[in-house]
Amino acid sequence: AVLPKEGRYNLYLDFVPLGAIEQQIGLSLQTQSYSHDSPPSEAADANLQKNFGGYDVELSFDTPLKSAQMSAGASRLKFEISKDGQPAAALKPYLGSFGHLVMINTKTYEYTHVHPVQKGQLKPDQNGGPIVEFMPMSIYSPVKPGIYRLFGQFNPDGNLITADFTVEVL
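Throughout what follows, the structure given in this document is the object of discussion. (Residues numbered from 1 in each chain as written. Predicted model: local features only at pLDDT ≥ 70, side-chain atom pairs only at ≥ 80, totals over all residues. Heavy atoms only, no water.)

So, the packing of aromatic side chains
Then, in step 1: The tally for this structure, following the rule as stated, stands at five aromatic pairs.
Then, in step 2: Pairing F79 with F154 gives two aromatic rings, centres 5.3 Å apart and planes at 45 degrees, and the pair type is tilted. With a gap of 75 residues between them, F79 in strand β5 (residues 77-83) and F154 in strand β10 (residues 146-154) connect regions that are remote in the sequence. F154 carries the same exposure label as F79, and that label is buried.
Then, in step 3: Through a chain of ring-to-ring contacts, three or more aromatic side chains come together here, namely F52, F79, F134, F154 and F165.
Then, in step 4: Directly above the ring of Y55 sits K83, whose terminal nitrogen or CZ lies 4.7 Å from the centroid. (Phe/Tyr/Trp six-rings, centres within 6.5 Å; stacked < 30°, edge-to-face > 60°. Helix = DSSP H or I, 4+ residues; strand = E, 2+ residues; numbered from the N terminus. Buried < 20%, exposed > 50% of the residue type's maximum accessible area, 1.4 Å probe, protein only. Lys NZ or Arg CZ within 6 Å of the ring centre and 35° of its normal.)

Points about the pattern of salt bridges
Then, in step 1: This structure, assessed with the given rule, holds four salt bridges.
Then, in step 2: Ionic pairing is found between D45 and K50, a salt bridge with its closest N-O pair at 3.0 Å.
Then, in step 3: Judged by its relative accessible area of 23%, D45 is partly exposed.
Then, in step 4: For K50, a relative accessible area of 22% gives the class partly exposed.
Then, in step 5: Here K144 makes a salt bridge to E110, at a shortest N to O gap of 3.2 Å. Of this pair, K144 sits in the loop between β9 (131-134) and β10 while E110 is found in the loop between β7 (100-105) and β8 (111-114), placing the two residues 34 residues apart along the sequence.
Then, in step 6: Residue E110 is classed as partly exposed on the basis of its relative accessible area of 26%. (Salt bridge = Lys/Arg side-chain N within 4 Å of Asp/Glu carboxyl O.)

Remember that the coordinates give geometry; whether it matters functionally is a separate question.
Structure representation (structure tokens):
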């Protein structure tokens, strides 16, 4: 595989073995010329509306995000998807949900997989959107203050997109 740029890469495997609970494995690799002297600096995104694969994705939440509230499930992250100014109301299920969200702490590399707020099982041909809400909460350990990279996956019109944002949690 060819990596897009020099640096350190953190890889996460998230899976559910047959008959078991969700499991996560993390590992890192670095390119040959990676230097520990110049870690990437991350700052929260000033613009929370971006375009991914022709779809506009807007992230919204009550500010500021607070770790104690997130750990208790009292904060919501809302993604609104549109295309050409029109709401994307034809989100298709992907892996059983209208969206998936991964949160990675840029300092500790802690990984959190968050499922959307939804009721019941979705049918494969069911439509959803244009808004998908996530409610992060602490299951194994509390959400800690810091800068987090968010990676949301959505399937509008059968076109899987990954939307990435950077936020600060106090």
